[in-house]
Amino acid sequence: MLKMTKTIIKLTVRDVRFPTSLEQHGSDAMHTDPDYSVAYVVIETDQGMQGYGLTFTVGRGTEIVVCAVEALSALVVGKSLEEIVSDFRGFYRLLTSDGQMRWIGPEKGVIQLATAAVLNAVWDLWARSEGKPLWKLLVEMDPRKLISCIDFRYITDALTEEEALDILVKAQTGKQQRVDQMLKEGYPAYTTSCAWLGYSDQLLKQLCTDALNDGWTKFKVKVGADLKDDIRRCSLIRQMIGPHNTLMIDANQRWDVGEAITWVTRLAEYKPLWIEEPTSPDDILGHAAISKALAPLGIGVATGEQCHNRVMFKQFLQASALQFVQIDSCRLGSVNENLAVLLMAHKFKVPVCPHAGGVGLCELVQHLILFDYISVSASLDNRCVNMDIPAHHSKPFNCGQVLK
Ligand SMILES: C[C@H](O)[C@@H](O)[C@@H](O)[C@H](O)C(=O)O
Ligand SMILES: [Mg+2]
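Here the structure is a predicted model, which means the values were calculated and not measured.

### Section: the overall build of the protein
Link 1 in the chain: What the protein contains, in helices and strands, is 16 helices and ten strands.
Link 2 in the chain: On C-alpha atoms alone, the protein measures out to a radius of gyration of 21 Å, which is about the 22 Å that the 2.2 N^0.38 rule sets for 404 residues.
Link 3 in the chain: Seen along its three principal axes, the alpha-carbon backbone of the protein occupies a region of about 70 × 45 × 40 Å.
Link 4 in the chain: Counting only residues that meet the buried cut, the protein has 57% of its 404 residues in that class.
Link 5 in the chain: A sequence separation of at least 24 residues applies to 75% of the contacts in the protein between residues at least 6 apart.
Link 6 in the chain: Surface accessibility of the protein: about 16600 Å² in total, with carbon and sulfur atoms responsible for 53%.

So, in structure tokens, the structure goes:
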């Protein structure tokens, strides 16, 4: 008799690092010498099928993430794909609530990064076994099935299962037009590749000129280490991109709350759309105070690349502490938890502008943002996705080109 189930018989994980710090690619006010890295996971079934997943990290910390993935592997190996996806919520809980491991989280830090890497591989295996890219698997999935992948524990005071289902059902209208539009036009994107903190003004000018020539219209500049430098760099970029293109600034958690307000007020004349990670990523009320103070200047607060779970995002949304939700395909517990955050953001009417840039993030997050547009938000207002690519490749990114 033909065996139909796909049992996962092996998980391997590799520590992969790139020496990006040598030329200051990826540098910011808190990570001055980042070596972009990933814990790279491959799962394999008894039928020889593979699923690939990763989590982005920076430098030597990757060793610890790799250990955490190894510690989780016993929960995955021996399970069949069918068994997992028939109760994906239960499997998510198994990984995040395991009695021997939960104490070192829960749902945060290294163990959450490892959970993301493992679950990203499972989602990849699922999509491959259906012969579809992930975004298509999500977009074509029955809304009830999608909901069954989400762990609603701790978020029902903000979003119930019924409300989530209602959002997905409503967004079925016009879905095919949005699929066609995305395949044709792609999703709006911005770049940070011109203005990492460690880049000289000369390099910044050259990369900005190239990016403008290539058609980019939205640019993010790293700030936060030295106010005079920030004023000079923001003024330079604003002059180069003109009044109509978009500028965002990112401080990577450098300031205290009061300092953030004063500093960003000094940069307001360059008209940034948002200030990203102004202070500690855990300080929800601090973000709320900054949001309130900067609203009259027309500057929003963006955060999420170090927002480690749906419960944090829930509180940011409830406290009006952010105006742009920056989901991350590897910081949150994979697609399962990202779905929860996309649906909450929709309910609270806050646009999602995913974080990406690091190794593999741009490739992963495009699937989530396409799903968001096609099946949840149906809106492109005030939305764009981070698509950093190595400086010498800075071409605008068209999702439609690679997602077929
Ligand atoms: C160390 C990294 O490059 C960060 O600077 C990067 O993720 C950044 O915050 C971003 O928003 O792209
Ligand atoms: Mg950032």
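Once the structure has been displayed, the description carries forward.
### Examining empty space enclosed by the protein
Link 1 in the chain: Applying the stated rule across the entire model yields three cavities of 30 Å³ or more.
Link 2 in the chain: Its volume calculated, the largest cavity comes out at about 50 Å³.
Link 3 in the chain: Lining the largest cavity, in full, are Leu95, Thr96, Met101, Arg102, Gly105, Pro106, Glu107, Ile111, Gln112 and Thr115.
Link 4 in the chain: Mapped onto the lining of the largest cavity, the elements with two or more residues apiece are α3 (88-97) and α4 (109-130).
Link 5 in the chain: If one sorts the elements of the lining of the largest cavity by residue count, α4 sits on top with three residues.
Link 6 in the chain: Across the lining of the largest cavity, the residue classes tally to four nonpolar, four polar and two charged.

### Focus: the coordination of the magnesium ion (ligand 2)
Link 1 in the chain: Coordination sphere of the magnesium ion (ligand 2), protein contribution only: Asp250 (OD), Glu276 (OE) and Glu305 (OE), at 2.0 to 2.2 Å.
Link 2 in the chain: Overall, Asp250 belongs to the buried group, its relative accessible area being 0%.

### A closer look at the domain arrangement of the protein
Link 1 in the chain: Per the domain assignment, the segments of the protein are domain 1 (8-131) and domain 2 (170-402).
Link 2 in the chain: A separation of 24 Å is found between the C-alpha centroids of domain 1 and domain 2.
Link 3 in the chain: Counting from both sides, the interface comprises 27 residues of domain 1 and, opposite them, 31 residues of domain 2.
Link 4 in the chain: Of the roughly 2300 Å² buried where domain 1 meets domain 2, counting both sides, 61% is carbon and sulfur surface.
Link 5 in the chain: Across the domain 1-domain 2 interface, the total number found is one salt bridge.
Link 6 in the chain: In this structure, the salt-bridge partner of Arg310 is Glu107, at a minimum N-O distance of 2.5 Å.
Link 7 in the chain: Applying the counting rule to domain 1 against domain 2 returns 14 residue pairs in polar contact (both at pLDDT 80 or more).
Link 8 in the chain: Of all the elements, α4 adds the most residues to the side of domain 1 that touches domain 2, at six residues.
Link 9 in the chain: Tallied by class, residues from the side of domain 1 that touches domain 2 come to 14 nonpolar, nine polar and four charged.

### Topic: the packing of helix α13 (residues 310-318) against helix α14 (residues 334-347)
Link 1 in the chain: Contact geometry for α13 and α14: axes closest at 10 Å, N-to-C directions at 10°. Between α13 and α14, the crossing angle belongs to the class labelled roughly parallel. Every residue of α14 that contacts α13 at Arg310, Phe313, Lys314 and Leu317 is listed here: Glu337, Ala340, Val341, Met344 and Ala345.
Link 2 in the chain: Its residues assigned to classes, the contact of α13 with α14 shows six nonpolar, no polar and three charged.

### Quick look at the layout of surface pockets
Link 1 in the chain: As a volume, the second largest pocket reaches approximately 540 Å³.
Link 2 in the chain: In the lining of the second largest pocket, the residues fall into eleven nonpolar, twelve polar and nine charged.
Link 3 in the chain: Each of domain 1 (8-131) and domain 2 (170-402) gives at least three residues to the lining of the second largest pocket.

### Notes on the packing of aromatic side chains
Link 1 in the chain: One pass over the full model with this rule turns up nine aromatic pairs.
Link 2 in the chain: Judged by centre distance (5.1 Å) and plane angle (35°), the rings of Trp123 and Trp126 are tilted. Taken together, the residues span about one helical turn, with Trp123 and Trp126 both in helix α4 at a distance of three residues. The exposure classification of Trp123 matches that of Trp126, with both residues buried.
Link 3 in the chain: Ring centres 5.2 Å apart and planes at 35° place the aromatic pair Trp255 and Trp263 in the tilted group.
Link 4 in the chain: For Trp255, a relative accessible area of 2% corresponds to the buried category.
Link 5 in the chain: Trp263 sits in the buried class, given a relative accessible area of 13%.
Link 6 in the chain: Aromatic ring contacts, followed pair by pair, group Phe88, Phe91, Trp123 and Trp126 into a single cluster.

Cut-offs and rules
Residues numbered from 1 in each chain as written. Chains lettered and ligands numbered in written order. Predicted model: local features only at pLDDT ≥ 70, side-chain atom pairs only at ≥ 80, totals over all residues. Heavy atoms only, no water. Helix = DSSP H or I, 4+ residues; strand = E, 2+ residues; numbered from the N terminus. Rg over C-alpha atoms; globule rule 2.2 N^0.38 Å. Buried < 20%, exposed > 50% of the residue type's maximum accessible area, 1.4 Å probe, protein only. Contact = heavy atoms within 4.5 Å. Areas by Shrake-Rupley, 256 points an atom, 1.4 Å probe, with all protein chains shown as cover. 1 Å grid on protein atoms, 1.4 Å probe; cavity = no way out; pocket = protein on both sides within 12 Å on 5 of 7 lines; lining within 4 Å. Points joined across faces, edges and corners; volume = space filled by probe spheres on them. Nonpolar A, V, L, I, M, F, W, Y, C, P; charged D, E, K, R; others polar. Donors = N, O, S within 2.8 Å, 3.2 Å for Na, K, Ca; no water. Domains from an automatic or database assignment. Buried area = accessible area lost by both parts, 1.4 Å probe. Salt bridge = Lys/Arg side-chain N within 4 Å of Asp/Glu carboxyl O. Polar contact = N/O pair within 3.5 Å; in protein donor to acceptor, adjacent residues only side chain to side chain. Axes fitted to C-alpha atoms, helices over the stretch in contact; angles between N-to-C directions. Parallel < 35°, antiparallel > 145°, perpendicular 65-115°, else oblique. Phe/Tyr/Trp six-rings, centres within 6.5 Å; stacked < 30°, edge-to-face > 60°.

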